[in-house]
Amino acid sequence: MPYIAVDDTDSVKGMCTTFLLTEIIRIFPNLDVIGYPRLVRLNPNIPWKTRGNAALSVRLGKGRGEGRKIGEIAGRSIYAYEKGIEAGDLNEIYEKVRELVEKLAVFDDEKTNPGFAVSANKTSQSLYWKAVRKIVSVEEAVEELEKSGALYKAYKNRRGLVGSAAALSWRPKRRTYELIAYRYEERWGTPREVDEKSVIEMDRSFPETFDNYDYRNKYVAITPNTPCPILYGIRAIGPERLEKAHKMVKGEKAERWVIFLSNQGSDDNMLGKRIFDIQPYESVVIRGKVAKAPVTIEGGHVIFSISDGSGEVESAAYEPTKEFRETIRALVRGDSVEIWGGVHEKPYTLNIEKLRVLGLEKNRVKVHNPRCPKCGKRMKSTGRDGYYRCRDCGIKIKGGEEYREIPRKIEETWYEVPVCARRHLARPLRLLR
Ligand SMILES: [Zn+2]
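About the criteria used
- Residues numbered from 1 in each chain as written.
- Predicted model: local features only at pLDDT ≥ 70, side-chain atom pairs only at ≥ 80, totals over all residues.
- Helix = DSSP H or I, 4+ residues; strand = E, 2+ residues; numbered from the N terminus.
- Buried ≥ 20, exposed ≤ 12 C-beta atoms within 10 Å, placed from the backbone.
- Contact = placed C-beta atoms within 7 Å.
- Pairing = 2+ DSSP bridges.
- Domains from an automatic or database assignment.
- Core = buried A, V, L, I, M, F, W, Y, C linked by C-beta atoms within 7 Å.
- Axes fitted to C-alpha atoms, helices over the stretch in contact; angles between N-to-C directions.
- Parallel < 35°, antiparallel > 145°, perpendicular 65-115°, else oblique.
- Left-handed = near helix turned anticlockwise from the far one by under 90°.
- Nonpolar A, V, L, I, M, F, W, Y, C, P; charged D, E, K, R; others polar.

## What to know about the overall build of the chain
Step number 1: Counting secondary structure elements, the chain contains nine helices and 26 strands.
Step number 2: By its C-alpha atoms, the chain is 100 × 50 × 40 Å across when sized along the principal axes.
Step number 3: Out of the 433 residues belonging to the chain, those deemed buried represent 43%.
Step number 4: Intrachain contacts of the chain at a sequence separation of at least 6 include 69% that bridge at least 24 residues.

See the structure below:
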């Protein structure tokens, strides 16, 4: 049964590859969806990505057994089947998908480089791990597609083949689901009407969903900020009640909706590393001590550095991470931490997504110089090497200052950026355990 994969058809100005995938399902009304359509997020740190760096795939065939409803497209209920039998001709499917991609992809955007593949086989699993953690070249993707016997086509700089090949290689381990609802075409590009109160109600009613609403920043996180066809997306750890959750959201009516199986919230991009070994564009987990205390720079970004003995790396909580910066500011030199984050090349900085505090230093400030051991008066600092001298007696000593301990505003536990700043692949802490 053929797999169809597509990547990089959208731009910041419009379209959305997930929408294109719903169109692929729509134009094959005589075929069933086998398994769930897949929304596969790839390395979020690469600079040439369009938006969320998502690749899509779907398997079509003739379903066997009982189907589960996974969506509604153009008035038709869409069912997915666990198992199916061969149906549809690979070459015909390829031709129809090609026409669709050429009709819908945003070719005039410099950053959009569409590609798609139709294949009877999957590509090797190692490709997925490389595509989510590192950088895959077009040549590597082509080699994998050739090995799997895929029919494929790419446009412009052919980058879309990388996502297409990677989407065909994902074997779900840590998985989540996302119900994506789409707008009527005449509304594309206009402000979305999604009732905030109903989003909160939905969030509270369905604890298996996540990242719907940022309570502190009063931010609806299910709606995108681009003029794309998406109305909203509801993420969950299980698909069973997503349709119900979707029906609870009030506002403009969705033209269609589909539930995708996804690697979102999987942390699959994260790699445990020593600091000397960090490469640009990776997402890493490092352990070390705070080497330079946090400072707030222009724009409200908070910067500090971590050292693990093998090297030192600058780490940042940028302004969009809001109250998370307060947590970071509470760190002092010497604290032991584990940092989860993506590496930017310019500036070469670790962009923090999760923080685990492993050990806290005592934070103390000097409140008094030592007293003279002979006359008991406060001594004066000599200004060098921590020595003090008594003006009256001439005695010189080292140390003996009086300190006050400042209570720490941070604990030995996990912290994460707020919902409004969460990246697609980041696993929310409440799902970590
Ligand atoms: Zn003295």
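## A look at the sheet that holds strand E24 (residues 396-398)
Step number 1: With antiparallel pairing, three strands are arranged side by side in an open sheet as E22-E23-E24. Among the strands making up the open sheet, the edge pair consists of strand E22 (380-381) and E24.
Step number 2: Relative to E24, strand E23 (residues 387-389) runs antiparallel, the two being bridged by three bridges. Residue pairing in the sheet places Tyr 387 in a bridge with Lys 398 of E24.

## Notes on unusual backbone geometry
Step number 1: Residues Lys 346 and Pro 347 are joined by a peptide bond in cis, for which omega reads -5°.
Step number 2: Mapped onto the elements, Pro 347 comes out in the loop between strand E19 (336-344) and strand E20 (349-359).
Step number 3: A positive phi angle is found at Asp 8, which is not glycine, with a value near 60°.
Step number 4: Mapped onto the secondary structure, Asp 8 falls in the loop between strand E1 (3-7) and helix H1 (17-26).
Step number 5: Located in the positive-phi region is Lys 156, a residue other than glycine, with phi close to 55°.
Step number 6: Exposure remark for Lys 156: the 16 C-beta atoms within 10 Å place this residue in the partly exposed category.

## Considering the domain arrangement of the chain
Step number 1: Partitioning the chain into domains gives domain 1 (3-171), domain 2 (177-262), domain 3 (270-362 + 408-432) and domain 4 (364-405).
Step number 2: Computed over C-alpha atoms only, the centres of domain 1 and domain 4 are separated by 71 Å.

## Digging into the nonpolar core
Step number 1: Core analysis: the largest hydrophobic core is formed by 79 residues, its most contacted members being Ile 4, Ala 5, Ala 117, Ala 165 and Ala 166.
Step number 2: With residues up to four places along the chain from it excluded, the contact list for Ala 166 reads Val 40, Leu 42, Ala 55, Leu 127, Tyr 128, Ala 131 and Val 136.
Step number 3: Counting residues in hydrophobic clusters, the runner-up holds 23 residues, among them Ile 275, Phe 304, Ile 306 and Ile 339.

## Describing the packing of helix H3 (residues 125-133) against helix H5 (residues 160-167)
Step number 1: As a packed pair, H3 and H5 sit with axes 8 Å apart at the nearest point and diverge in direction by 130°. If you check the angle between H3 and H5, you find them oblique. Seen along the crossing, H3 lies across H5 with a hand that is left-handed. Contacts from Leu 127, Tyr 128 and Ala 131 of H3 reach H5 at Val 162, Ala 165 and Ala 166.
Step number 2: Classifying every residue of the contact of H3 with H5 by side-chain character gives six nonpolar, no polar and no charged.

## Remarks on the environment of Ile 4
Step number 1: As for its position among the elements, Ile 4 is in strand E1.
Step number 2: Residue classification places Ile 4 among the buried residues on the basis of 28 C-beta atoms within 10 Å.
Step number 3: Spatially, the C-alpha atoms of Ile 4 and Ile 24 are 8.7 Å apart, while their sequence positions differ by 20 residues.
Step number 4: Sequence-distant contacts of Ile 4, defined by excluding residues within four places in its chain, comprise Ile 24, Ser 57, Val 58, Leu 60, Ile 93, Val 97 and Val 118.

## Some thoughts on H1
Step number 1: Of all 10 residues in H1, eight are buried, a share of seventy percent or more.
Step number 2: Turning to H1, its buried residues are Thr 17, Thr 18, Phe 19, Leu 20, Leu 21, Thr 22, Ile 24 and Ile 25.

## Some words on the pairing of strand E13 (residues 230-236)
Step number 1: Of all the seven residues making up E13, seven are buried; the element is thus mostly covered by neighbouring parts of the structure.
Step number 2: Strand direction decides the pairing type here: strand E9 (residues 176-182) and E13, joined by six bridges, are antiparallel. Residue pairing for E13: Tyr 177 is matched across the bridge by Ala 236.
Step number 3: Bridge count for strand E10 (residues 209-210) against E13 is two bridges, and the pairing is antiparallel. Bridge assignment links Thr 209 to a residue of E13, and that residue is Ala 236.

## With respect to the packing of helix H4 (residues 138-147) against H5
Step number 1: The contact between H4 and H5 brings their axes to 8 Å, and the two run at 45°. In terms of axis orientation, H4 runs oblique to H5. Considering how the two elements wind past one another, H4 and H5 form a crossing that is left-handed. Each of Val 138, Ala 141, Val 142, Glu 144 and Leu 145 in H4 lies in contact with H5, whose residues at this interface are Leu 161, Val 162 and Ala 165.

## Comments concerning H5
Step number 1: Most of H5 is tucked away: eight of the eight residues are buried.
Step number 2: Among all positions of H5, only Gly 160, Leu 161, Val 162, Gly 163, Ser 164, Ala 165, Ala 166 and Ala 167 are buried.

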